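The primary structure of each chain is shown beneath.
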Amino acid sequence: MKLHLKIWRQKNRKAQGKLVNYTLENVNPHMSFLEMLDTLNEQLIQNKEEPVEFDHDCREGICGQCGVVINGNAHGPLENTTTCQLHMREFKDGETVLIEPFRAKGFPVKKDLKVDRSAFDRIISAGGYVSVNTGQAPEANSIPVSHAIAEAAFDSAACIGCGACVATCKNGSAALFTSAKITQLAILPQSQEERKERALNMIAQMDKEGFGHCSNTEACEVECPQGISVLNIARMNYEYNRASFLKFKK
Amino acid sequence: MKLDAKIPQGPLEEKWLNYKKTARLVNPANRKKLDVIVVGTGLAGSSVAASLGEMGYNVKSFCFQDTPRRAHSVAAQGGVNAAKNYKNDGDSVYRMFVDTLKGGDFRAREANVYRLAECSLNLIDQAVAQGVPFGREYGGYLNNRSFGGVQVSRTFYARGQTGQQLLLGTYQALMRQVDKKTVALYSSHEMLDLVVIDERARGIIVRNLETGEIEKHAAHAVVLATGGFGKIYYLSTLAMGCNGSAIWRAHKKGAFFASPSWTQIHPTSLPQSGDYQSKLTLMSESLRNDGRIWVPKKAEDTREANTIPEEERDYYLERRYPAFGNLAPRDISSRAAKERIDAGHGVGPLKNAVYLDFSKAIKEQGQAKIAEKYGNLFRMYEKITGTNAYKEPMKISPAAHFSMGGLWVDYELMTTIPGLFALGEANFADHGANRLGANSLLQASVDGYFIAPYTIANYLADQIRTGKISTDHPEFEKAVKENKEKINNLLRIKGSRSVDYYHKKLGKLLYDYCGLTRTAEGLTYAIEEIKKLREEFYKNVYVPGENDTMNAELEKAGRVADYLEIGVLMCYDALTRNESCGAHFREEFQTEEGEAQRNDVDFQYISAWEWPGSLEQEPILNKEELKFEFVQPTIRSYK
Amino acid sequence: MSTLLRKIVMAATGLFLCFFLLIHCLGNTQLFMEPEQARLSFNAYSHFLTGNPLVKLISYVLYTSIIGHAVYALLITAKNKTAGGIYKKDNRGRASKWYSRNMGVLGTVVLIFLVLHFQNFWYVYKFGEIGIDANGNKDLYTVVVTAFQQLWLVIIYVTAMIALCYHLIHGIASSVRTLGLFHPKFVRWVHAFGVAYSVLICGGFAAMPVFIYITNLNS
């Protein structure tokens, strides 16, 4: 099949970017979306043009590195699917496909389709951990965790940190990402000690990074490759309120 | 050179205890004066960086990904082994040690393997304390599943994303240290070279992948935890960025490279569907519990799978290995598949796959039961192939997966360059010639959390008086100059072929001649072909763009340039090992039934290759003899 | 001020306004009575509302809530506009409800309506020329009935109530989430309650001008 591509090209962080048109013949419907981009790059290299830079690594939907906005949707037309797991059979012959980077104030574009998501790292380093040093851990079975809690914690912990939630949020809010980690650690018994500080510090860092407010449109859940529930955001709000309240009582 | 593995004296159970008892220590006040560089942020890299940071050392952590959490440990699905014996089914450290040693076809050190099993107990404790949501029973206690090659349930899991959850645990521990400023994080930085001063590892040269700037970083010790190089086959289950460059460049600075040809080829991956294909997605091995593997009896049969009658199907694993059937170990299943495909019985448009058929299981257990067990895998299969595997059999094929080989390290995980350590998949250590399922997460974590923090301290103990290492040393300048030159060379060639073209060619050569089966003739041919390919690469590759900007093609070019050198060494390694063991199967050395024939008299050693100084010379083989004091090598049989 | 705290202000003021709407709506159901009875009863009720100091106090809370809700909405929207990305082609709407994305627009419609509403009744009652009913109370009822004999005003009121209804459906669910209700079962209940509450109240309000318009068609 044949595709008309409109791809965002931007030299570096400071440069002004623009959409550039490309035509790609012989696209195989079994190709993954990223393999289609590989094919385009191969063609660009043959023509001595600069290939398109895009984020990708594991190509099996778990590392969270890939992610572009395809025809106005983060990770493309399929819901709950990473860009690398999207295949060209989802597109029609002769279709025009518009490819842009994830956009948000918290995610500056580095080059072409690559964005800087280090804000997520800083949110985690503000408190998204259990302060246990190597060697301090007690015997694993000394902390029973009910099946339901373990499963719920997993549901939150499954986040791959791709940033589609931010890209798809009209407010550029990182609430889903931040809340997933806060929730995972708020419900597990082994991470209760820092529960209040964790919530307050991570949320403060999230704000500092310039992410917007969550206005509960719930779009993030639909585009999230792991289908992380928006109820994590509710839980984050609860943790924030609880921590803010208990802080004064101290 | 005489290789000294520095294995502590004493009974097997006491070796590691004895080591820890007598290892030298660094006073807490002195630790912040000591710098350690850790390259790689997977399970091994993150855990060692975090652990050293907690102890108070000054750590710099590097990764080429945009954040440490993307390291490829994230992709491991099945689980992590530990001899906790929570299932009360007779598991013990000793039993796990024997299973691992046997699984590796007796080509690993007893002491290392025992330590791996021993430390597995602590790892589960550590991970649980970090908040890793392992699967639980309804009573709240940890659950286990069973995995290939063993008779006990010792695999801990977090659904099908165990690697991700373990990695996030260490990533969070790392980010905690970043927040405390004991660890400085350098993501989007790729190591270009190791700097050796007065025969000790003293620093690295890195390239900032966003700006192209070449940076110098000095330290008292350097840790490489850069993972495996299975991506050398181009089509593999690995991430696109996985590479062997860090360990290869360290090898060229004097670190020995052990058993480079031992690559695990995983039997249940999705087959290649076209030339454009960039990676082969792994389907969990657990599918083989209910799926039956077959090919048409007639070669070049083009009928649809469902139209081939039962009597015209060849369930070759059940036929050849009646005792284990479809559950035969990875290396054996992969080889059997290749044998059928090569004989013209392969299926699919490229005739490169075998069927994994669930129709019998669905008939017996019902579709709902199968969906409950494997629903997510069937969904993933449909997402990728567009085929409903409840209706027609899956097509699977073998794919390069894990490098058992890597930098040679002693018991302290130190390479032949003092001060240079290699952890996780980047070293060769514990898996022998074949890795058991769910042992890779274990080895990476144990190396990083529980072994290297002791052994690195032991090394650093006499480094306090050295003082700060300066990056002004001429060796740093020299390395920067060489690497800039190397990069500019690549950019100047301006040929007509893309980097991927060479990578694909190399991958094909390796699959054909240094893959599931090898022959002396094929390997000799491959060595010449790879050398020719390398020459052509330097004449005709086209690397677009500049150095001073983000340039993915340039990154790839550097990695493929190294692969073209590693590939030759792999072939030499396979060529000189005149036996079949584990993943290494030489067609000349097989029994009458076509099974691997190990030679314990002549090849009970680890091949540790020494860089001869230039590409023109043949690599130098050093041997570390393996001694089995506690377990006697036996022949594996799955009939 | 953290993003979460700003949202709490929105939630708290919003929920108070929701509660006010309920009281307002219940009080106004007197308009559905027989005209003469309605006149006396409604006017007496209006008089009670202006005289009582407690009600006065609540009215100040009400005005503060309206202003606070609007000001914080502006602050939040301004920040969100700079934080969110703009795409050349934007199909993100498929993943959410239009009214969830357009709370600002709906809110503005409601605010403009409020100005009109105040001018129609509150201003007239306070400062305008207004008759006296049999009990000596200001005859707001006549003002209302007169106003709603104009079709265009009825249409505006009904339209505004539709806007308010959608604003409330999202607002109630969203504010409860902001306050931290995370249990899936209760979230489902509250959501259903919120929809019913919004439809009933806004339906009730919209029915008033329609009822008056229809019953006065022949006069």
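About the thresholds
Residues numbered from 1 in each chain as written. Chains lettered and ligands numbered in written order. Predicted model: local features only at pLDDT ≥ 70, side-chain atom pairs only at ≥ 80, totals over all residues. Heavy atoms only, no water. Helix = DSSP H or I, 4+ residues; strand = E, 2+ residues; numbered from the N terminus. Rg over C-alpha atoms; globule rule 2.2 N^0.38 Å. Buried < 20%, exposed > 50% of the residue type's maximum accessible area, 1.4 Å probe, protein only. Contact = heavy atoms within 4.5 Å. Areas by Shrake-Rupley, 256 points an atom, 1.4 Å probe, with all protein chains shown as cover. Lys, Arg positive; Asp, Glu negative; His and termini not counted. Charge placed at Lys NZ, Arg CZ, Asp CG, Glu CD. Axes fitted to C-alpha atoms, helices over the stretch in contact; angles between N-to-C directions. Parallel < 35°, antiparallel > 145°, perpendicular 65-115°, else oblique. Left-handed = near helix turned anticlockwise from the far one by under 90°. Nonpolar A, V, L, I, M, F, W, Y, C, P; charged D, E, K, R; others polar. Core = buried A, V, L, I, M, F, W, Y, C linked by side-chain atoms within 4.5 Å. Buried area = accessible area lost by both parts, 1.4 Å probe. Salt bridge = Lys/Arg side-chain N within 4 Å of Asp/Glu carboxyl O. Polar contact = N/O pair within 3.5 Å; in protein donor to acceptor, adjacent residues only side chain to side chain. UniProt positions renumbered as here; feature names shortened; annotations may be inferred. Phe/Tyr/Trp six-rings, centres within 6.5 Å; stacked < 30°, edge-to-face > 60°. Disulfide = S-S within 2.5 Å. Pairing = 2+ DSSP bridges. Patch = residues over 30% accessible without salt bridge, like charges linked within 9 Å, V, L, I, M, F, W, Y side chains within 5 Å.

Chemist: Hey, could you run me through the overall build of chain B in this one?
Modeler: Per the secondary structure count, chain B includes 17 helices and 19 strands. Relative to a compact globule of 639 residues, whose C-alpha radius of gyration would be 26 Å, chain B shows 24 Å and is just as compact. Seen through its C-alpha atoms, chain B measures out along the principal axes to roughly 75 × 60 × 50 Å. Counting all 639 residues of chain B, 67% fall into the buried class. Taking all contacts inside chain B whose residues are at least 6 apart in sequence as the whole, residues at least 24 apart take part in 73%. When the accessible area of chain B is evaluated, it comes to approximately 22000 Å², of which 49% is carbon and sulfur surface. Both charge centroids of chain B, one from 83 positive and one from 80 negative side chains, sit 4 Å from each other.

Chemist: Explain the arrangement of the chains to me, please; I cannot follow it from the model alone.
Modeler: By number of contacts, the leading pair among the two pairs of chains in contact is chains A and B. Across the gap from chain B to chain C, with no contact made, the nearest C-alpha atoms are 20 Å apart.

Chemist: Quick question: what am I supposed to make of the packing of helix α5 (residues 103–127) of chain C against helix α6 (residues 140–147) of chain C here?
Modeler: Packed helices, taken two at a time, are described by the angle between their axes plus the distance between the axes. All names here are of chain C. The N-to-C vectors of α5 and α6 enclose an angle of 150°; their axes lie 10 Å apart at closest approach. When the interaxial angle is binned, α5 and α6 end up roughly antiparallel. Crossing handedness for the pair α5 and α6: right-handed. Between α5 and α6, the residues in contact are Asn120, Phe121, Val124 and Tyr125 and Leu140, Val143, Val144 and Ala147, respectively. When its residues are assigned to classes, the contact of α5 with α6 shows seven nonpolar, one polar and no charged.

Chemist: Could you clarify how one ought to interpret the nonpolar core in this entry?
Modeler: In globular proteins that are soluble, nonpolar side chains generally tend to be buried together. Counting residues in each nonpolar core, the largest one holds 213 residues, and the members touching the most others are Phe134 and Leu194 of chain B. Residue contributions to this core peak at 13 residues, all from helix α16 (residues 552–576) of chain B. When residues no more than four places from it in sequence are discounted, the contact partners of Phe134 of chain B are Ala150 of chain A together with Val80, Ile124, Ala127, Val128, Leu142, Phe156, Tyr157, Ala158, Thr162 and Leu166 of chain B. Core analysis: the next-biggest nonpolar cluster, separate from the first, contains 39 residues, Phe113, Phe148, Leu153 and Phe205 of chain C among them.

Chemist: For this particular structure, what's the right way to read the interface of chain A and chain C?
Modeler: A common measure of how large an interface is: the accessible area buried when the components associate. Across the contact, 47 residues belong to chain A and 36 residues belong to chain C. The largest share of the area that chain A buries against chain C comes from His213, Asn216 and Leu231 of chain A, three residues that together contribute 19% of it. The interface formed by chain A and chain C contains two salt bridges. Across the pair Arg94 of chain C and Glu223 of chain A runs a salt bridge whose closest N-O atoms are separated by 2.9 Å. Seen at the junction of chain A and chain C, the total is 26 residue pairs in polar contact (both at pLDDT 80 or more).

Chemist: Help me understand the UniProt feature "transmembrane region" (unreviewed entry) in chain C in this model?
Modeler: Residue and element names in this part refer to chain C. With numbering aligned to this structure, UniProt lists the feature "transmembrane region" (unreviewed entry) at residues 57–78, 99–118, 151–169 and 189–214. Between the end C-alpha atoms of residues 57–78 the distance is 31 Å, and the span holds 100% helix and 0% strand. Between the C-alpha atoms that bound residues 189–214 there is a distance of 36 Å. The span itself is 100% helix and 0% strand.

Chemist: For this particular structure, what's the right way to read the packing of aromatic side chains?
Modeler: The geometry of two aromatic rings is summed up by the distance between their centres and the angle between their planes. Residues and elements named next belong to chain C. For the structure shown, the criterion picks out 48 aromatic pairs over all chains. Ring centres 6.0 Å apart and planes at 80° place the aromatic pair Trp122 and Phe127 in the edge-to-face group. An angle of 75° between the planes, with centres 4.9 Å apart, marks the rings of Phe148 and Tyr157 as edge-to-face. By relative accessible area, Phe148 is classed as buried at 4%. The buried category is assigned to Tyr157, whose relative accessible area is 5%. Aromatic ring contacts, followed pair by pair, group Tyr60, Tyr63, Phe118, Trp122, Tyr123 and Phe127 into a single cluster.

Chemist: Sorry, what's going on with the UniProt feature "active site" (unreviewed entry) in chain B here?
Modeler: Residues annotated in UniProt with the feature "active site" (unreviewed entry) correspond here to Arg330 of chain B. On the basis of relative accessibility, which here comes to 8%, the residue Arg330 of chain B falls in the buried class.

Chemist: Help me out: how do you make sense of the state of the cysteines in this one?
Modeler: A disulfide bridge is the covalent bond that connects two cysteines by way of their sulfur atoms. Applying the stated criterion across every chain yields a total of zero disulfides over all chains. Take Cys159 of chain A: it sits in no disulfide, and the sulfur closest to it among the cysteines is that of Cys224 of chain A, at 6.5 Å. The thiol of Cys581 of chain B is unpaired, and the distance to the nearest cysteine sulfur, on Cys514 of chain B, comes to 12 Å.

Chemist: Help me understand the sheet that holds strand β10 (residues 257–258) of chain B in this model?
Modeler: Two strands in a sheet stick together by hydrogen bonds in their backbones, pointing the same way (parallel) or opposite ways (antiparallel). All names here are of chain B. With respect to topology, four strands assemble into an open sheet ordered β16-β10-β18-β19, the strand pairing being antiparallel. Since the sheet does not close on itself, it has two edges, and those belong to β16 (406–407) and β19 (620–625), each with one partner. In this fold α16 packs onto β10 and β18 (605–610), with an angle of close to 145° to the strand it touches most, β18.

Chemist: I would appreciate a short explanation of the sheet that holds strand β12 (residues 292–296) of chain B in the present structure.
Modeler: All names here are of chain B. The strand order β11-β15-β14-β12-β13 describes an open sheet built from five strands, whose pairing is antiparallel. In this open sheet, the two edge strands, each paired with only one partner strand, are β11 (263–269) and β13 (313–314). Relative to strand β15 (residues 394–403), β11 runs antiparallel, the two being bridged by five bridges. Counterpart to His266 in the pairing with β15 is Ala399.

Chemist: Can you walk me through a nonpolar patch on the surface in this structure?
Modeler: Residue and element names in this part refer to chain C. Among the surface-exposed residues, Leu54, Leu57, Ile58 and Val61 lie close enough to one another that they form a single nonpolar patch of about 360 Å² accessible area. Mapping Ile58 onto the fold places it in helix α3 (residues 53–83). Residue classification places Ile58 among the partly exposed positions, given a relative accessible area of 41%.

Chemist: Would you mind showing me how to read the interface of chain A and chain B here?
Modeler: Contact with chain A, which involves 76 residues of that partner, is made by 77 residues of chain B. Summing both sides of the interface, chain A and chain B together bury roughly 6300 Å²; the carbon and sulfur share of this comes to 49%. Here chain A is connected to chain B by six salt bridges. When the shortest N-O distance is used, the salt bridge between Lys84 of chain B and Glu139 of chain A registers 2.9 Å. Where chain A meets chain B, there are 49 residue pairs in polar contact (both at pLDDT 80 or more).

Chemist: Looking at this model, I keep getting lost on the pattern of salt bridges. Mind explaining?
Modeler: If the charged atoms of two oppositely charged side chains come close together, the side chains can form a pair. All names here are of chain B. One pass over the structure, following the stated rule, counts 67 salt bridges over all chains. In this structure, Arg107 and Asp600 form a salt bridge, with 2.9 Å as the shortest nitrogen-oxygen distance. Residue Arg107 is located in the loop between α4 (93–103) and α5 (110–130), and its partner Asp600 is located in helix α17 (residues 600–603); the two are separated by 493 residues in the primary sequence. What makes Asp600 partly exposed here is its relative accessible area of 25%. Note that Asp500 is salt-bridged to Lys556, the shortest N-O span being 3.1 Å. Of this pair, Asp500 sits in helix α14 (residues 499–513) while Lys556 sits in helix α16, placing them 56 residues apart in sequence. In this structure Asp500 comes out as buried when scored by relative accessible area, which is 12%. Overlapping salt bridges, with partners in common, bring together Asp105, Arg107, Arg577, Glu579, Arg598 and Asp600 in one network.

Chemist: I keep staring at the environment of Asn88 of chain B and nothing clicks. Help me out?
Modeler: Examined against the element boundaries, Asn88 of chain B turns out to sit in the loop between β3 (80–81) and α4. Taking C-alpha positions, Asn88 of chain B is 27 Å from Asp105 of chain B, a pair spaced 17 residues apart along the chain.

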